[in-house]
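Take a look at the letters that make up each chain.
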Amino acid sequence: MWTLTHNSDFAKGYVGLLGHPEVIGGGHSYYFRRSVELDQIYAAIGQAAGVEPKVVHISTDFITAFSPSGTADGLIGSSGQQCL
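Conventions used here
- Residues numbered from 1 in each chain as written.
- Predicted model: local features only at pLDDT ≥ 70, side-chain atom pairs only at ≥ 80, totals over all residues.
- Heavy atoms only, no water.
- Helix = DSSP H or I, 4+ residues; strand = E, 2+ residues; numbered from the N terminus.
- Buried < 20%, exposed > 50% of the residue type's maximum accessible area, 1.4 Å probe, protein only.
- Contact = heavy atoms within 4.5 Å.
- Areas by Shrake-Rupley, 256 points an atom, 1.4 Å probe, with all protein chains shown as cover.
- Expected span 1.5 Å × (residues − 1).
- Patch = residues over 30% accessible without salt bridge, like charges linked within 9 Å, V, L, I, M, F, W, Y side chains within 5 Å.
- Salt bridge = Lys/Arg side-chain N within 4 Å of Asp/Glu carboxyl O.
- Polar contact = N/O pair within 3.5 Å; in protein donor to acceptor, adjacent residues only side chain to side chain.

K.L.:
Tell me about the overall build of the protein chain, and please be specific about residues and values.
P.N.:
Broken down by element type, the protein chain carries three helices and zero strands. Traced from its N-terminal end to its C-terminal end, the protein chain shows the element sequence α-α-α. In the protein chain, buried positions account for 10% of the 84 residues. In the protein chain, 34% of the contacts between residues at least 6 apart in sequence involve partners at least 24 apart. Counting only carbon and sulfur atoms, one obtains 57% of the accessible surface of the protein chain, whose full area is about 7200 Å².

What follows is the structure, encoded as structure tokens:
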């Protein structure tokens, strides 16, 4: 599941953190209540472009099999979940 955030919406939350000493040096996440599947995002972009995207799902294991390092570096998000 993913969230899409318009820059003005993000700015409202981010600006609220500025100037607070207790947030300096910490890690912060900015979440929204509504999340969508990645396929839904591709479908919306395709609809806006007037085309139907042809989505192909490829496993992380398959991709890492062809990775020069043989690892999933860059495909694993900060939460430990696969990004693909």
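K.L.:
Talk me through helix α2 (residues 38-49); I want residue IDs and the actual numbers.
P.N.:
Counting along an α-helix, one turn takes 3.6 residues, and residues three or four places apart therefore face a common direction. With 12 residues, α2 extends 17 Å between its outermost C-alpha atoms, agreeing within 8% with the 16 Å of an ideal straight helix rising 1.5 Å per residue. Positioned one or two residues after α2, G50 has a phi angle of 80 degrees, which is positive.

K.L.:
Got a sec to walk through a nonpolar patch on the surface? Specific residues and values, please.
P.N.:
Nonpolar side chains collect at one region of the surface, where F10, Y14, V15, L17 and L18 lie side by side and expose about 460 Å² of accessible area between them. Residue placement: F10 occurs in helix α1 (residues 7-17).

K.L.:
Give a detailed account of the side chain of T64, specifying residues and quantitative values.
P.N.:
Within the secondary structure layout, T64 lies in helix α3 (residues 60-65). Classification of T64 by relative accessible area gives buried; the value is 13%. In terms of polar contacts, T64 uses its side chain to reach the backbone carbonyl oxygen of D61, at 3.0 Å.

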